[in-house]
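Each chain, written out:
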Amino acid sequence: MKIVRVRATPLNLPVQAGLPGRTKSTSLSICLVDIETDTGLVGTGMTAITEEEVVASIVNEIASPALIGLDPMRHEALWDRLYWLLTPRGQSGYASHAMAALDLALWDIKGQALGQPCWRLLGGARAEVPVYATFGFAFLERDELAEAAVAWKARGFERLKMTVGHHALQRRDEPRSMADVVAEDVMRIRAVRDAVGPTVQIYIDANCSLDYLHALHLAQRVEDCGIAFFEEPVSQNDIPTLAKLRNKISIPLAAGQNEGLSSRFRDMLVAQAVDVVQPNVCITGGFTQCQRVAGMAQAFNVQLANGGAWPHHNMHLHAGLANGTLVEYHSVAVDCCQLVFDDLPVPHAGVLALPDTPGLGFRPNRERIAELAQRPLSHGAGKA
C-alpha cells in the first residue's frame with residue numbers, strides 16, 4: 001500500500017456558544033488533512049487552535065511531496081521524516097499542528113486496513129473514557145455562568161471546566177486592571193461552586209493569560225472551592241514559573257495542550273512543574289508523539305489528561321493507554337466537529353463510549369465540507 005495523495009482543507013466554521021436565549025456567534029477554525037492510498041483507503045486527520053491557512057499550506061506544499069509513494073502503515077518512519085522536514089532545528093508551532101493532522105490520518109488508515117479502531121491499536125486499555133465538559137466562557141455573566149453549570153450537571157456531567165483570566169495579559173492596555181479580572185474570576189468561581197454543590201468537580205483554565213502574581217492571587221483566593229486543577233495559569237507555560245506557582249498553592253496545575261516538542265513535557269516533569277500533563281493528539285504531533293509523552297508521564301507517576309478539546313480524537317489515546325484518564329468535552333469544539341463529521345459518539349452520564357468501527361470510527365461528511373470550504377477563512381481570528 002502506498003500514499004498517492006495528501007490534501008489539506010482549511011475551514012473556518014460558524015458556531016454558537018452559551019445558553020438558550022444567551023448565545024454568542026463566533027467561529028472556530030480547523031484544518032482537515034486527507035491521505036489517500038492506492039488501495040482506495042482514505043484517512044482523515046485534523047488540527048485546530050492555529051492558523052488554518054498556514055497549516056494547509058505546510059501540508060499541501062511541503063509535506064505532501066515528501067509523503068507520496070511511501071507506505072502509510074509505517075507511522076514511526078513517516079513521523080521521523082516529517083520531523084526532520086518540518087522541525088529540523090527545534091522549531092514547533094505550525095509544524096507540530098501539521099504533523100499532528102498527518103499522523104492522525106495515517107492512524108486512521110492503519111485502523112481501516114487492519115479492521116480495528118485506533119483505540120485498540122493504541123493498546124485497548126478500556127472501552128470508554130470519562131469526560132469533563134467545558135462550558136464556562138467569558139461572555140457569560142456571573143449568573144448565566146452559574147445557570148449554565150446547573151444545566152450541564154443536569155445533563156449528567158459531574159466534571160465542569162470554566163475559563164478564567166480572559167486574555168488579561170493580551171488585553172492589559174484596556175481600561176480594566178488584571179486585579180479586577182482576578183477579583184471577578186473569584187466571584188465567578190464561587191458562583192459556580194454554590195450553584196452545583198460540593199460534589200461536582202470544577203476545573204479552571206486561564207489559557208496562558210495571567211502572570212505569576214495574578215495566577216497566585218487567584219489560586220490562593222479560591223483554594224477553598226476544591227478546584228480539581230488549574231490549567232495553563234501562566235503565559236508561555238513558562239516552566240520555572242509553573243514550578244514556583246505549584247510550590248505556593250494547593251490546587252493541582254495542568255499544562256501542555258499546545259506544546260509541540262516532547263522535550264517540553266520532559267522539562268515540565270523534571271522540574272515538577274505540573275500535576276497533570278495534557279498532550280493533545282490534534283496539536284502535539286498526533287498519536288505517535290502523544291504515546292511518548294504518556295510514557296514519560298507514567299514514568300514520573302504524573303497524571304495524563306486531555307486539554308485543548310477535540311474529544312473524538314483524543315478519546316482514542318485515553319482509551320488505548322493504561323494511564324489514560326480524562327477527555328475534554330468542549331462544547332464549542334464538539335459543535336464544530338458535528339458540522340464536519342458523521343457518527344460522532346455522544347457521552348452519557350459523563351462517559352464517552354469508544355466505537356468499534358475501524359480507524360477513528362467517524363467519517364467526514366464530504367458534502368457539508370464542500371459547502372463549508374466556500375466560507376471565507378479566518379485570517380487569524382479563528383481560534384475563538
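Right, let's walk through the structure included here. No experiment lies behind these values; they were computed from the predicted model shown. (Residues numbered from 1 in each chain as written. Predicted model: local features only at pLDDT ≥ 70, side-chain atom pairs only at ≥ 80, totals over all residues. Heavy atoms only, no water.)

### Here we look at the packing of helix α1 (residues 52-67) against helix α2 (residues 75-86)
Rules: Axes, fitted as lines to C-alpha atoms, cover a helix only where it is in contact. Angles between the N-to-C directions of the axes lie from 0 to 180 degrees. By the criteria applied, helices consist of DSSP H or I runs no shorter than four residues and strands consist of E runs no shorter than two, each listed in order from the N terminus. Any angle that is under 35 degrees is reported as roughly parallel, and any over 145 degrees as roughly antiparallel; angles of 65 to 115 degrees are reported as roughly perpendicular and all others as oblique. Crossings are classed by handedness, with left-handed meaning an anticlockwise turn of the near helix from the far one by less than a right angle and right-handed meaning a clockwise turn. Any two residues whose heavy atoms approach within 4.5 Å are treated as being in contact. By the convention adopted, Pro, Cys, Tyr, Trp, Phe, Met, Ile, Leu, Val and Ala count as nonpolar, Lys, Arg, Asp and Glu as charged, and the other residues, Gly among them, as polar.
Look at α1 against α2: their axes get within 11 Å of each other, and the N-to-C directions meet at 130°. By the angle class used here, α1 and α2 are oblique. With respect to the hand of their crossing, α1 and α2 are arranged in right-handed fashion. Of α2, the residues touching α1 (which contributes I58, I62, A63, A66 and L67) are L78, R81, L82, L85 and L86. Partitioned by chemical class, the residues of the contact of α1 with α2 number 9 nonpolar, no polar and 1 charged.

### Regarding the packing of helix α5 (residues 142-154) against helix α6 (residues 178-196)
Viewed as axis vectors pointing N to C, α5 and α6 meet at an angle of 35°, and their least axial separation amounts to 9 Å. As α5 runs across α6, the sense of the crossing is right-handed. The residues of α6 that touch α5, namely those facing R142, L145, A146, A149, V150 and K153, are E184, M187, R188, A191, V192, A195 and V196. Here the contact of α5 with α6 is composed, by residue class, of 9 nonpolar, no polar and 4 charged.

### Describing the layout of surface pockets
Our working rule: Here a cavity denotes a set of grid points, spaced 1 Å apart and computed over the protein atoms alone, in which a 1.4 Å probe fits but from which it cannot get out, and a pocket denotes an open set meeting protein on both sides within 12 Å along at least five of seven lines; residues with an atom within 4 Å of a point are reported as lining. Grid points are joined across faces, edges and corners, and a volume is the space filled by probe spheres set on the points.
Of the volumes computed, that of the second largest pocket is approximately 190 Å³. Contributing to the lining of the second largest pocket are 14 residues, with G18, L19, W152, R155 and S331 lying nearest its centre. Elements with a contribution of two residues or more to the lining of the second largest pocket: β1 (3-19), α5 and α12 (331-340). When residues of the lining of the second largest pocket are assigned to their parent elements, the largest contribution, 4 residues, is made by β1. In the lining of the second largest pocket, the residues fall into 8 nonpolar, 4 polar and 2 charged.

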